[in-house]
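# Per-entry structural report
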Amino acid sequence: MRGLMMDTPLLLQNIAEHAVCNHGGREIVSVTADHDRHRYTFAAAMERARRVTALLDSLGTTPDARIATLAWNDFRHLELYFGVSCSGRVLHTINPRLFAEQLVYIVNHAEDEWVFFDVAFTGLLESVATQCPGVRGYVAMTDAAHMPESSLPNLHCYETLLAAAQPVAGWPEFDENTASSLCYTSGTTGHPKGVLYSHRSTVLHTYAMALPDSAGLSALDCVLPIVPMFHVNAWGYPYAALMVGAKLVFPGHRLSEPELLVDLITEEGVTIAGGVPTVWLPVLDYLRRSGRNLAPLNRTVIGGSACPLAMIEEFREAHDVTVLHGWGMTEMSPVGTVNRPNANTADLAGEALRAHVVRQGRALPGVELRIVDEDGEELPRDGSCFGALQVRGPWVCADYYHPEAPSAAHHEGWFDTGDVAIIDADGYVKITDRTKDVIKSGGEWISSIDLENVAMSHPRVRECAVIGLPHPKWQERPLLVVVSDAADDALAAELLAMFEGRVAKWWIPNDVAFVESLPHTATGKVSKLNLRRAFDEYRFPDA
Ligand code: AMP
């Protein structure tokens, strides 16, 4: 028997309309190249988003056109998030830190019709425009006074187009499985792969983001998405803030300036911020040096790569900020797990608490997780078995956009995340490595993330990574690579001594190497592939 409830489609326009009706006066603050702090309301933002739809119609874009953005976090990008997707078209957010050839590849692969861009990327686009013949024109996201001198063909000014557009009266209703946005993963091998989100997947992910044991967003919050809007929809914060009525603060192109981030947090009343560990390292460093604090921030969601224990503890002890350690991926919209306490873990203290907070947390309702062995057999959730982590759920990608080859990551309805994890009886997940970064010593796995956590707790270690390198006797052994202003033999010896008693003896790295900086990917993660390449010639002292 079928239920008799209304079959209302889950569409982003419902979030937009809900926001205007219920939180229309809530503020959005943005730093942009042409405004120190631009301020307006949710209602004004959604009115302009309806103008975006009208201008896309007037530019003659096709009904399901892919509209690319090369833009930082600000109010204009937010208008495109809604104005493009709610018109039935697909917002294709592009990471401007990609190599030029990857950029060309994804613009052509997505068949982008128009590119909306921040003026700072004018030169980048000029250098690739002739290789993107399918692009019909470019829109600079600024006003007439700040338009760049440019050779880009069919170049328009965003504010001029918007001023001339009459907002559409309402957005159309369509099937909830209609594509809403597109984001390419910057895989380490092969071409980037497109993940095509739908309205339904995005709306369901937005509900899950707001749950108390997730980011726990409410109308009293003020959200600072430091994670870029070109990376998996800024982890869904723009949608979630509009849905719940939380004030939004966007750092624009200055998202890696610690002083500005702290100014925004303290002056705008930010209660929750989200970003990868590498953006927080300089912020914490700046706070130590300046003596400033983070009030009124009370929590921050950190993920994208493992959040070091030392960072979680410094946030808590020095700033009374709770780190919500989360895990996810582009293919998961992106949030899969968040570490929030349950009845069994709420009162942990000391070493047990330290071991617990570095975990990536429990699955959001809607996400199913399992770990499997090399034959695909499910492994127990006993807190000690390592296995390949697989997921499924309504905001997990079912296949890539126009894949060049059948997906190797999809098996019988499950998506293989490429991560290795342990799951305990309460469902808490601990990611131990990427499958490709796993260190196999004498046939056994060593978790590089556990080792990095130990080394990061040394005050002289600014950043570190553990990689597996070939060893004649053990097949592979761990090397600890460290960025420090005190790089010498004494520090190396101190670091190696720190592992004693904290990890199994045979996990202790064989050596420490100091470097000026670690290589990072376009999304701010340590690129272990490039690091291993840099240490290609390295030989362990006992090898
Ligand atoms: P991306 O799709 O670029 O966001 O990368 C997703 C990958 O980042 C995941 O498969 C993990 O390997 C890694 N990742 C994300 N969050 C975490 C985390 N909290 N701890 C460890 N690895 C993470």
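Source: prediction; values computed, not measured.

### Some points on a negative patch on the surface
- Side chains of Asp-373, Glu-374, Asp-375 and Glu-377 sit close together on the surface and give a patch of like negative charge.
- One can find Glu-377 in the loop between strand S17 (368-372) and strand S18 (387-392).

### Overview of the sheet that holds strand S25 (residues 475-483)
- Reading across the sheet, the three strands line up as S24-S25-S26 and stay open at both edges, with mixed pairing between neighbours. The two strands at the open ends of the sheet, each matched to only one other strand, are strand S24 (463-471) and strand S26 (511-514). Sheet twist, expressed as the mean angle between neighbouring strand axes with direction ignored, is 30°.
- Examined bridge by bridge, S24 and S25 share nine bridges and lie antiparallel to one another. From the neighbouring strand, Leu-469 faces S25, where its bridge partner is Arg-477.
- Relative to the sheet, helix H13 (residues 448-456) contacts S24 and S25, its axis offset from that of S24 by approximately 135°.

### Looking at the sheet that holds strand S11 (residues 247-250)
- The sheet built from nine strands is open, its strands ordered S2-S1-S11-S10-S12-S13-S14-S15-S16 with mixed pairing. Two strands in the sheet have a free side with no partner beyond their single neighbour: strand S2 (35-41) and strand S16 (362-363).
- As judged from the four bridges shared by strand S12 (residues 272-275) and strand S13 (residues 299-302), these two strands associate in the parallel manner. Bridge assignment links Gly-275 to a residue of S13, and that residue is Ile-302.

### Comments concerning the site of the ligand
- Every one of the 16 residues lining the ligand counts as a neighbour, but Gly-326, Thr-330, Asp-419, Arg-434 and Lys-525 are closest to it.
- Backbone polar atom of Ala-306 to a nitrogen atom of the ligand: 3.2 Å apart, as the coordinates give it.
- Measuring from a nitrogen atom of the ligand, one finds a side-chain N or O atom of Gln-360 at 2.9 Å.
- Relative to its unbound accessible area of 500 Å², the ligand is 89% covered by the protein chains.
- Of all the elements in the fold, those that place two or more residues in the shell around the ligand are strand S14 (322-328) and strand S20 (414-423).
- Among the residues making up the shell around the ligand, the classes are represented as three nonpolar, 10 polar and three charged.

### Structural notes on the packing of aromatic side chains
- According to the stated counting rule, one finds 11 aromatic pairs in the structure shown.
- For the ring pair Tyr-81 and Tyr-239, a centre distance of 5.5 Å and an interplane angle of 40° mean the geometry is tilted. Here the residue Tyr-81 occupies a position in helix H3 (residues 75-85), and Tyr-239 occupies one in helix H8 (residues 237-244), the gap between them amounting to 158 residues.
- Overall, Tyr-81 belongs to the buried group, its relative accessible area being 0%.
- For Tyr-239, a relative accessible area of 1% translates into the label buried.
- Each residue in the set Trp-72, Phe-121 and Phe-230 is aromatic and connected to the rest through ring pairs, giving one cluster.
- In this arrangement the basic side chain of Lys-193 is found over the ring face of Tyr-400, its NZ or CZ atom lying 5.2 Å from the centre.

Scoring rules and cut-offs
- Residues numbered from 1 in each chain as written.
- Predicted model: local features only at pLDDT ≥ 70, side-chain atom pairs only at ≥ 80, totals over all residues.
- Heavy atoms only, no water.
- Patch = residues over 30% accessible without salt bridge, like charges linked within 9 Å, V, L, I, M, F, W, Y side chains within 5 Å.
- Areas by Shrake-Rupley, 256 points an atom, 1.4 Å probe, with all protein chains shown as cover.
- Salt bridge = Lys/Arg side-chain N within 4 Å of Asp/Glu carboxyl O.
- Lys, Arg positive; Asp, Glu negative; His and termini not counted.
- Charge placed at Lys NZ, Arg CZ, Asp CG, Glu CD.
- Helix = DSSP H or I, 4+ residues; strand = E, 2+ residues; numbered from the N terminus.
- Pairing = 2+ DSSP bridges.
- Axes fitted to C-alpha atoms, helices over the stretch in contact; angles between N-to-C directions.
- Contact = heavy atoms within 4.5 Å.
- Near = heavy atom within 4 Å.
- Polar contact = N/O pair within 3.5 Å; in protein donor to acceptor, adjacent residues only side chain to side chain.
- Nonpolar A, V, L, I, M, F, W, Y, C, P; charged D, E, K, R; others polar.
- Phe/Tyr/Trp six-rings, centres within 6.5 Å; stacked < 30°, edge-to-face > 60°.
- Buried < 20%, exposed > 50% of the residue type's maximum accessible area, 1.4 Å probe, protein only.
- Lys NZ or Arg CZ within 6 Å of the ring centre and 35° of its normal.

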